[in-house]
Amino acid sequence: MSELRELYQEVIIDHGRHPRNFGKLDHAHYHQEGFNPLCGDKIILHVCEKEGLVTDLKFEGHGCAISMASASLMTEYLKGKSKAEIQELFNLFHQWMMGAEGQQDKLGKLAALGGVREFPTRIKCATLAWHTLKAALKGETQRVSTERDTT
Ligand code: ZN
């Protein structure tokens, strides 16, 4: 029970129910779809870029509280950052999700997702938005899937 409480921290519940930056961005440079077949999470990211900075990003879609909260926290945290910074944070976040220690300080509010680390099957819910963003910034057009075998 305490583990579950840790997984669904207040921040996650809040962002899961009321996602920030939720919606369309018609003038966005990148539109990228991501899918996590293990859980059924689906997001579409819209990203605006100007001179190497991500000036705005929004997402649409549906999925579990973890996937929605993660996308919400990510969009909030990364707005205004450079592509290089985002790449670095992607690596940090990913390593941290996979069990690395000492990264929390640099992850700000994203650290609220720490409870997910204890639940390996949910890690893909938390990293879906990040994988989708990474593909978007590379200009990929194919749908991103957390599983190699896309359905
Ligand atoms: Zn999920």
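For the structure, see preceding data.
What counts, and where the lines are drawn
- Residues numbered from 1 in each chain as written.
- Predicted model: local features only at pLDDT ≥ 70, side-chain atom pairs only at ≥ 80, totals over all residues.
- Heavy atoms only, no water.
- Donors = N, O, S within 2.8 Å, 3.2 Å for Na, K, Ca; no water.
- Helix = DSSP H or I, 4+ residues; strand = E, 2+ residues; numbered from the N terminus.
- Buried < 20%, exposed > 50% of the residue type's maximum accessible area, 1.4 Å probe, protein only.
- Pairing = 2+ DSSP bridges.
- Phe/Tyr/Trp six-rings, centres within 6.5 Å; stacked < 30°, edge-to-face > 60°.
- Lys NZ or Arg CZ within 6 Å of the ring centre and 35° of its normal.

Novice: Outline the coordination of the zinc ion, supporting the account with residue identities and numerical values.
Specialist: Bound to the zinc ion are the protein donor atoms Cys39 (SG), Asp41 (OD), Asp41 (OD), Cys64 (SG) and Cys125 (SG), situated 2.2 to 2.7 Å from the metal. We note that the donor set of the zinc ion lies within a single chain, spaced as C-x1-D-x22-C-x60-C. On the criterion of sequence distance, the pair formed by Asp41 in strand β2 (residues 41–50) and Cys125 in helix α6 (residues 120–137) is long-range, its members being 84 residues apart. Exposure class is identical for Asp41 and Cys125. Each is buried.

Novice: Describe the sheet that holds strand β4 (residues 144–145), and please don't skip the residues or the numbers.
Specialist: Taken in spatial order, the four strands make up an open sheet running β3-β2-β1-β4, and their pairing is mixed. Single-partner strands in this sheet number two, and they are β3 (53–62) and β4. Note: β2 against β3, nine bridges, orientation antiparallel. Directly across from Val47, in β3, lies its bridge partner Leu57.

Novice: Could you give an account of the packing of aromatic side chains, naming the residues involved and the relevant values?
Specialist: Under the criterion given, the structure shown has four aromatic pairs. A centroid spacing of 5.2 Å and a plane angle of 85 degrees characterise the contact between Phe22 and Phe59, whose relative ring orientation is edge-to-face. Remark: Phe59 occurs in strand β3 and Phe22 occurs in the loop between α2 (10–17) and β1 (30–36); sequence separation between them is 37 residues. Judged by its relative accessible area of 0%, Phe59 falls in the buried class. Ring centres of Phe93 and Trp130 lie 4.7 Å apart, and the angle between their planes is 15 degrees; on these two criteria the pair is classed as stacked. Pair noted here: Phe93 is in helix α4 (residues 83–97) and Trp130 is in helix α6, with a separation of 37 residues, a long-range link. Here Phe93 matches Trp130 in class, with each residue buried. Among the aromatic side chains, those forming a connected cluster through ring pairs are Phe90, Phe93, Trp96 and Trp130. In this structure, Lys81 packs its charged tip against the face of Tyr77, placed 4.9 Å from the ring centre.

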